[in-house]
Amino acid sequence: MGTSTAYGGPGGGTPLVPSWLGSDDDAGGPAPPATPPAGAPAGAPADDPASPAPLPPAPPVRPAIPTPADSSRFTAPRSNFTRFAHSGGGDRASLGRAVSGYVSKSSGGARQAAQRMGASRGSGARLLGFLADVQARGATEALRSLDLEGLAGRPIDEVFMGLADYICPNAGTVDEGIAREAFIETIVDLSTLGVTDLDALSPDQMQTVFELYATRAIEARLCNDIGTKLVTAPADPQVALRVQSQLRDFIRNGVSDALTAARAETPTLTQDRVHAFVDTVYERAFGILQALGDAEADQ
């Protein structure tokens with residue numbers, strides 16, 4: 001897909017949510033200073049036989065090691081996804097079972113699936129926060145706050161390319177690669193939809209930008225986890241494109257419904273609500289995708 005590279009997908013033995021996707025509150029910090037032993041006289045010499053021996057320093061506080069998940073949890077969704085790809089997009093029931101099983105069993109539910117989006121959640125929040133700032137203060141001021149005022153007045157694709165390192169900094173992990181790939185492909189999508197002027201961006205177009213990004217990010221996550229046969233299975237390139245297009249439309253329907261519901265609850269998006277808003281959209285999207293997958297599987 002797009003700029004993606006071949007990746008065998010996770011083997012399944014890794015935790016449902018890797019420790020490096022946790023919040024800052026989960027990170028281990030320096031150990032607290034050891035508490036002096038109770039009753040030790042102040043200023044007592046170290047070699048005073050009457051003084052109690054000093055206690056050893058407390059061990060450093062480290063995050064708990066996540067319990068390894070079931071090593072076979074991706075097997076059934078991968079098999080169903082491969083059947084869907086081999087069918088050229090005709091076996092919608094297999095697509096439904098693949099997506100539903102990925103959310104419910106492979107990921108442990110919608111909330112855990114959303115947490116697996118890691119870098120894409122952070123990048124989505126930065127993208128949406130920037131767009132909200134554009135709506136509130138205009139593109140020039142929003143860009144100036146990032147020291148990118150030289151991009152003001154340029155076409156939206158040029159502006160977004162200039163924002164790439166801010167929206168999705170790339171440190172080389174698969175998770176960060178997914179976030180960056182989704183953002184680059186979103187820029188391409190915008191040009192095909194005729195969204196070209198950042199200063200004239202309407203609230204509905206702002207929703208469309210984020211909808212496209214979240215769709216691309218979830219698609220890339222799914223393809224890396226269970227969809228490694230998506231491009232290689234169909235021998236005909238046109239069939240491969242049809243399969244990929246069906247998957248993308250399926251995901252976008254779920255993201256669109258989740259985003260519409262979240263926007264109705266939070267009509268005015270302020271900077272302090274962006275992260276919670278994005279997390280809500282991803283979690284609801286995965287819940288809707290599971291429901292849509294179950295419906296497809298039952299037909």
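Along each chain, residues carry numbers from 1 onward, in the same order as the chain's sequence is written. With pLDDT at 70 or above as the cut-off, local features in this predicted model cover only qualifying residues; side-chain atom pairs require 80 or more to be listed or tallied, and sums for whole chains, interfaces and linings still use all residues. Hydrogens and water are ignored here; the side-chain numbers use all heavy atoms of the structure.

Regarding the overall build of the chain
- Only DSSP runs of H or I reaching four residues or more are called helices, and only runs of E reaching two or more are called strands; each is numbered from the N terminus. In terms of helices and strands, the chain carries 10 helices and 0 strands.
- Throughout this description, buried means an accessible area under 20% of the type-specific maximum (1.4 Å probe, protein chains only), exposed means over 50%, and partly exposed covers the range between. Per-residue burial for the chain yields a buried fraction of 43% across its 299 residues.
- In what follows, a contact means two residues having at least one pair of non-hydrogen atoms within 4.5 Å. The long-range fraction of contacts in the chain, counting pairs at least 24 apart against all pairs at least 6 apart in sequence, stands at 77%.
- Here the open area of atoms and residues is found with the Shrake-Rupley method and a 1.4 Å probe, where only the protein chains shown may cover a residue. With an accessible surface of roughly 15,000 Å², the chain has 54% of that area assigned to carbon and sulfur atoms.

Re unusual backbone geometry
- In the Ramachandran plot, D147 falls in the positive-phi region, its phi being about 60° despite a non-glycine side chain.
- Mapped onto the fold, D147 is located in the loop between α5 (139-144) and α6 (156-167).

Concerning the packing of helix α2 (residues 92-106) against helix α9 (residues 237-265)
- For helices, the axis comes from a line fit to the C-alpha atoms of the stretch in contact; other axes are also lines fit to C-alpha atoms, and the angle between any two N-to-C directions lies between 0 and 180 degrees. Two elements in contact, α2 and α9, have axes whose closest approach is 12 Å; the angle formed by their N-to-C orientations is 50°. Judged by the inter-axis angle, α2 sits oblique to α9. Taken as a pair, α2 and α9 cross one another with a handedness that is right-handed. Where α2 approaches α9, its residues R92, L95 and V99 are matched on the opposing element by Q246, L247 and F250.
- For this classification, the nonpolar set comprises Ala, Val, Leu, Ile, Met, Phe, Trp, Tyr, Cys and Pro, the charged set comprises Asp, Glu, Lys and Arg, and every other residue, Gly included, is treated as polar. Of the residues contributing to the contact of α2 with α9, the split by class is 4 nonpolar, 1 polar and 1 charged. Any angle between 65 and 115 degrees counts as roughly perpendicular, while under 35 counts as roughly parallel, over 145 as roughly antiparallel, and the rest as oblique. Rotating anticlockwise by less than a right angle from the far helix to the near helix defines a left-handed crossing, while the corresponding clockwise rotation defines a right-handed one.

What to know about the packing of aromatic side chains
- Classification of ring pairs rests on two measures: the distance between centres of Phe, Tyr or Trp rings, Trp counted by its six-membered ring, which must be within 6.5 Å, and the angle between planes, read as stacked under 30 degrees, edge-to-face over 60 and tilted in between. A full pass over the atoms with the stated rule returns 3 aromatic pairs.
- Judged by centre distance (5.8 Å) and plane angle (25°), the ring pair of F160 and F183 falls under stacked. Residue F160 is located in helix α6, and its partner F183 is located in helix α7 (residues 174-193); the two are separated by 23 residues in the primary sequence.
- A residue is classified by how much of its surface remains accessible, and F160, at 0% relative accessible area, is buried.

Notes on the packing of α9 against helix α10 (residues 274-298)
- It is at 8 Å that the axes of α9 and α10 come closest, and there the two elements cross at 135°. By the angle between their directions, the pair α9 and α10 is classed as oblique. The handedness of the crossing between α9 and α10 comes out as right-handed. Residue-level inspection shows F250, I251, G254, V255, D257, A258, L259, A261, A262, R263 and E265 of α9 in contact with α10, the latter providing F277, T280, V281, R284, A285, I288, L289, L292, G293 and E296.
- In terms of residue class, the contact of α9 with α10 is made up of 13 nonpolar, 3 polar and 5 charged.

Concerning the pattern of salt bridges
- Any Lys or Arg side-chain nitrogen located within 4 Å of an Asp or Glu carboxyl oxygen qualifies as a salt bridge. In this structure the tally under the stated criterion is 17 salt bridges.
- Residue D165 is joined to R180 by a salt bridge in which the shortest nitrogen-to-oxygen separation is 2.8 Å. Highlighted residues: D165 in helix α6 and R180 in helix α7, separated in sequence by 15 residues.
- Residue D165 is classed as exposed on the basis of its relative accessible area of 56%.

What to know about the environment of R216
- With respect to the secondary-structure elements, R216 resides in helix α8 (residues 203-225).
- Look at R216 and you get buried, because its relative accessible area is 9%.
- The sequence separation of R216 and A182 amounts to 34 residues, and the corresponding C-alpha distance is 4.9 Å.
- Excluding residues within four positions of it along the chain, R216 makes contact with A182, E185, T186, D189 and R248.

Concerning the confidence of the model for the chain
- Here the chain averages 82 in pLDDT, and 77% of its residues register 70 or above.
- Considering only residues more than four positions removed or in separate chains, one finds that residues 1-8, a stretch of pLDDT under 50, has 16 contacts.
- Per-residue confidence from the predictor is reported as pLDDT, a score between 0 and 100. Taken together, the stretch residues 18-31 has pLDDT below 50 and engages in 16 contacts with residues farther than four places along the chain or on a different chain.

Details of the side chain of Q207
- Assignment of secondary structure puts Q207 in helix α8.
- With sequence-adjacent residues up to four places away left out, Q207 is seen in contact with L259, T260 and R263.

Focus on the nonpolar core
- We define the nonpolar core as a collection of buried residues of types Ala, Val, Leu, Ile, Met, Phe, Trp, Tyr and Cys that are connected through side-chain atoms lying within 4.5 Å of one another. With 68 residues, the main nonpolar core has F160, L198, I218 and F286 as its most contacted residues.
- Among the elements that line this core, the one with the most residues is α8, at 10 residues.
- Once residues lying within four places of it in the same chain are set aside, the contact partners of L198 are F130, L131, V134, A139, I156, V159 and F160.

Focus: the side chain of Q246
- Structurally, Q246 is set in helix α9.
- Leave out the neighbours within four places in its chain, and Q246 touches F84, G88, G89 and R92.

As for helix α1 (residues 75-86)
- End to end, α1 covers 16 Å across 12 residues, agreeing with the expected 16 Å (1.5 Å per residue, within 8%).
- Buried within α1 are the following residues: P77, N80, F81, F84 and A85. Buried residues of α1, seen end-on, are gathered within an arc of 140° and therefore sit on one face of the element.
- Contacts from the buried residues of α1 go to α2 and α9.
- Of the residues trailing α1, G88 is marked for its positive phi of about 70°. By this rule the span expected of a helix is its residue count minus one, scaled by 1.5 Å. Taken from the helix axis, the directions to the C-beta atoms give the arc we talk about.

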